[in-house]
Amino acid sequence: MGVLAVIAKHLDTIIGPGVVLLYPLYASLRAIETPSPLDDQQWLTYWIIYSFITLFELSCYKILSWLPFWPYMKIVFCAWLVLPVFNGAAYLYDTHLRKYVKMGVAVGGGGISSKYTEEQRKVLQMMSLDARKSVIQYVDKYGWEGVERAIRAAEREAKRG
């Protein structure tokens, strides 16, 4: 019974690193190699939330040391964040964080200039950040008419090919 008691008492130090660090590290490395942005969102969000948890622990360690169940709560919460059955990090991003990120982009200057029409802004918002920067540079140099000419030329080439 002594071995089981020791394992139960130190379960957080046995299971914790695997749930909190090893599996997310492995999954993040795999996500880098996939073309889908969904898994990138899941794992970037996880690391951001994990960073906040770590900052919280460092800031409140005196209080948390009095809570014997804190390590177990952290493991359960992190398991919910990382396990593919739940995808908790992506869920938190979609339901709670995304609206603040979008608001921050609009307020912080990462948004799209008001010199574009609503339709043009929608098109630009659908692009990746790198593509958007390139298109905006092209528009600044050649105007939106230049973009439309390039699109028409690409459509003609596609019909030929």
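These numbers come from a predicted model, not from an experiment.

Asker: Please provide a residue-by-residue account of the packing of helix H3 (residues 37-59) against helix H5 (residues 70-82), values included.
Answerer: Closest axis-to-axis distance for the H3/H5 pair is 10 Å, and the angle between their directions is 165 degrees. As the angle between them shows, H3 and H5 are arranged roughly antiparallel. H5 is crossed by H3, and the crossing has right-handed handedness. Touching Gln42, Trp43, Tyr46, Ile49, Tyr50, Ile53, Phe56 and Glu57 of H3 are Trp70, Lys74, Phe77, Cys78, Leu81 and Val82, all from H5.

Asker: I'd like a description of the pattern of salt bridges, backed by residues and values.
Answerer: Taken as a whole and assessed by the stated rule, the structure comprises two salt bridges. In this structure, Lys74 engages Glu57 in a salt bridge whose closest nitrogen and oxygen atoms are separated by 3.0 Å. Remark: Glu57 occurs in helix H3 and Lys74 occurs in helix H5; sequence separation between them is 17 residues. Relative accessible area serves as the criterion here: at 15%, Lys74 is assigned to the buried category. The buried category is assigned to Glu57, whose relative accessible area is 19%. Note that Glu157 is salt-bridged to Arg160, the shortest N-O span being 3.3 Å.

Asker: Pulling in residues and values, what's your account of the confidence of the model for the chain?
Answerer: Caution is warranted with low-pLDDT regions, since their predicted coordinates should not be read in detail. Averaged over every residue, the pLDDT of the chain is 83; the share at 70 or more is 90%. For the chain, the element scoring lowest by mean pLDDT is helix H6 (residues 88-107), at 74; helix H4 (residues 61-64) scores highest, at 94.

Reading guide: rules and limits
- Residues numbered from 1 in each chain as written.
- Predicted model: local features only at pLDDT ≥ 70, side-chain atom pairs only at ≥ 80, totals over all residues.
- Heavy atoms only, no water.
- Axes fitted to C-alpha atoms, helices over the stretch in contact; angles between N-to-C directions.
- Helix = DSSP H or I, 4+ residues; strand = E, 2+ residues; numbered from the N terminus.
- Parallel < 35°, antiparallel > 145°, perpendicular 65-115°, else oblique.
- Left-handed = near helix turned anticlockwise from the far one by under 90°.
- Contact = heavy atoms within 4.5 Å.
- Salt bridge = Lys/Arg side-chain N within 4 Å of Asp/Glu carboxyl O.
- Buried < 20%, exposed > 50% of the residue type's maximum accessible area, 1.4 Å probe, protein only.
- pLDDT = per-residue confidence, 0-100.

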